[in-house]
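Observations on the three-dimensional arrangement
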Amino acid sequence: MRTLLLCLCASLLIGCAGSTSVKPAVTLCADPVDLPDRGLSDRDVEIFWGRDREALRDCGGRLLAVIDR
């Protein structure tokens, strides 16, 4: 009887696992910009910093929208 109960519990868990969605509620933030393997000019630094800053601002806006719901 105990074995039957364990098999029933395992079957229920397996059956429920397939019906749930594993999709994250919030999209993840962008990774930092990959820097080239060379010396960077002032212009390069400003461009890469600007890209990272823009991605951070976008990510923060998405997260605030989720929190405010």
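Refer to the preceding data block for the structure.
In what follows, the accompanying structure is described. (Residues numbered from 1 in each chain as written. Predicted model: local features only at pLDDT ≥ 70, side-chain atom pairs only at ≥ 80, totals over all residues. Heavy atoms only, no water.)

1. Focus: a nonpolar patch on the surface
On the surface, a nonpolar cluster with roughly 250 Å² of combined accessible area is contributed by Leu 35, Leu 40 and Val 45. Position of Leu 40 relative to the elements: it lies in the loop between α1 (2-17) and α2 (42-67). (Patch = residues over 30% accessible without salt bridge, like charges linked within 9 Å, V, L, I, M, F, W, Y side chains within 5 Å. Areas by Shrake-Rupley, 256 points an atom, 1.4 Å probe, with all protein chains shown as cover. Salt bridge = Lys/Arg side-chain N within 4 Å of Asp/Glu carboxyl O. Helix = DSSP H or I, 4+ residues; strand = E, 2+ residues; numbered from the N terminus.)

2. Here's the deal with the environment of Asp 31
Within the element layout of this structure, Asp 31 appears in the loop between α1 and α2. Along the chain, Asp 31 and Leu 56 lie 25 residues apart, while their C-alpha atoms are 9.4 Å from each other.

3. Concerning the pattern of salt bridges
A side chain with one charge may pair with a side chain of the opposite charge, provided their charged atoms come close. The full count for this structure, using the stated rule, is 1 salt bridge. Across the pair Asp 44 and Arg 38 runs a salt bridge whose closest N-O atoms are separated by 2.9 Å.

4. Re the state of the cysteines
The tally for this structure, following the rule as stated, stands at 1 disulfide. Residue Cys 29 pairs covalently with Cys 59 via a disulfide, S to S 1.5 Å. With a gap of 30 residues between them, Cys 29 in the loop between α1 and α2 and Cys 59 in helix α2 connect regions that are remote in the sequence. Exposure remark for Cys 59: the relative accessible area of 4% places this residue in the buried category. (Disulfide = S-S within 2.5 Å. Buried < 20%, exposed > 50% of the residue type's maximum accessible area, 1.4 Å probe, protein only.)

5. A word on α2
Two residues of an α-helix separated by three or four positions point the same way, owing to the 3.6 residues in each turn. For α2, which comprises 26 residues, the first-to-last C-alpha distance of 37 Å matches the rise-based estimate of 38 Å (1.5 Å per residue) to within 8%. Burial in α2 covers these residues: Asp 44, Phe 48 and Cys 59. (Expected span 1.5 Å × (residues − 1).)

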